[in-house]
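As a plain string of letters, each chain reads:
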Amino acid sequence: QVQLVESGGGLVQAGGSLRLSCAASGSIFSINAMGWYRQAPGKQRELVAVITSGGSTNYADSVKGRFTISRDNAKNTSYLQMNSLKPEDTAVYYCNADLQVVAIMGRYRYWGQGTQVTVSS
């Protein structure tokens, strides 16, 4: 009923940039916070960045000053601009959205399928 689809991952050299997109579709009534997480091999999934419906943002210390999260509410899409990438940024990146589905009470968190980001040294 609701899908989150990420795009924009790939292979990049250290110091390069990538822009990830996360498009939410389906019977969406409203979207509150949208976020990006990542999971490297052998590590737990960690928060990268989050943005509220009002545009307030929060970042992991490891990406502050390098990554920028944004959203287009008209398109139900969030973006993660990643600059000055480092090998340690290599991970599968997942987006999520806290949203309310039409005709269903409550707000629930939905996740995308993940997109691989690999940064070579």
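First, a word on what this report is: a plain description of the structure on this page. Not measured: the values here are computed from a predicted model.

Considerations on the overall build of the protein chain
Logical step 1: Scanning the protein chain for helices and strands turns up zero helices and eleven strands.
Logical step 2: Sequence-ordered secondary structure for the protein chain, helices as α and strands as β, is β-β-β-β-β-β-β-β-β-β-β.
Logical step 3: Relative to the 2.2 N^0.38 estimate, which gives 14 Å for 121 residues, the radius of gyration of the protein chain is 14 Å and therefore close to what a compact globule would have.
Logical step 4: Projected onto the principal axes, the alpha-carbon positions of the protein chain cover approximately 50 × 25 × 25 Å.
Logical step 5: Of all 121 residues assigned to the protein chain, the portion counted as buried reaches 40%.
Logical step 6: Counting contacts in the protein chain only where the partners sit at least 6 residues apart, residues at least 24 apart contribute 57% of the total.
Logical step 7: Element-wise, carbon and sulfur atoms account for 48% of the exposed surface of the protein chain, whose accessible area totals about 6400 Å².
Logical step 8: A distance of 2 Å separates the average location of the 11 positive side-chain charges in the protein chain from that of its 7 negative side-chain charges.

Things to note about the packing of aromatic side chains
Logical step 1: On inspection of all chains with the given rule, the structure shows one aromatic pair.
Logical step 2: Residues tyrosine 37 and tryptophan 111 carry aromatic rings whose centres are separated by 5.1 Å and whose planes lie at 65 degrees to one another, so their mutual orientation is edge-to-face. Of this pair, tyrosine 37 sits in strand S4 (residues 28-39) while tryptophan 111 sits in strand S10 (residues 108-111), and the two are 74 residues apart along the sequence.
Logical step 3: Of the residues examined, tryptophan 111 reaches a relative accessible area of 35% and is grouped as partly exposed.
Logical step 4: The ring of tyrosine 94 carries arginine 45 above its face, with NZ or CZ at 3.8 Å from the centroid.

Structural notes on the pattern of salt bridges
Two side chains of opposite charge can pair, provided their charged atoms sit close to one another.
Logical step 1: Applying the stated rule across the entire model yields five salt bridges.
Logical step 2: With a shortest N-O distance of 2.7 Å, arginine 38 and glutamate 46 are connected by a salt bridge.
Logical step 3: For glutamate 46, a relative accessible area of 36% gives the class partly exposed.
Logical step 4: Notably, a salt bridge pairs arginine 66 with aspartate 89, separated by 2.8 Å at the nearest N-O pair. In this pair, arginine 66 sits in the loop between strand S6 (57-59) and strand S7 (67-72) while aspartate 89 sits in the loop between strand S8 (77-82) and strand S9 (91-101), placing the two residues 23 residues apart along the sequence. For the pair shown, arginine 66 and aspartate 89 are each scored as buried.
Logical step 5: The network of salt bridges with shared partners includes Arg38, Glu46, Arg66 and Asp89.

Topic: the pairing of strand S1 (residues 2-7)
Logical step 1: By the alternation rule, side chains of S1 split into Val2, Leu4 and Glu6, which are all buried, and Gln3, Val5 and Ser7, of which none is buried.
Logical step 2: Strand direction decides the pairing type here: S1 and strand S3 (residues 18-26), joined by six bridges, are antiparallel. Each residue of the ladder has a partner; that of valine 2, found in S3, is glycine 26.

Rules used in this analysis
Residues numbered from 1 in each chain as written. Predicted model: local features only at pLDDT ≥ 70, side-chain atom pairs only at ≥ 80, totals over all residues. Heavy atoms only, no water. Helix = DSSP H or I, 4+ residues; strand = E, 2+ residues; numbered from the N terminus. Rg over C-alpha atoms; globule rule 2.2 N^0.38 Å. Buried < 20%, exposed > 50% of the residue type's maximum accessible area, 1.4 Å probe, protein only. Contact = heavy atoms within 4.5 Å. Areas by Shrake-Rupley, 256 points an atom, 1.4 Å probe, with all protein chains shown as cover. Lys, Arg positive; Asp, Glu negative; His and termini not counted. Charge placed at Lys NZ, Arg CZ, Asp CG, Glu CD. Phe/Tyr/Trp six-rings, centres within 6.5 Å; stacked < 30°, edge-to-face > 60°. Lys NZ or Arg CZ within 6 Å of the ring centre and 35° of its normal. Salt bridge = Lys/Arg side-chain N within 4 Å of Asp/Glu carboxyl O. Pairing = 2+ DSSP bridges.

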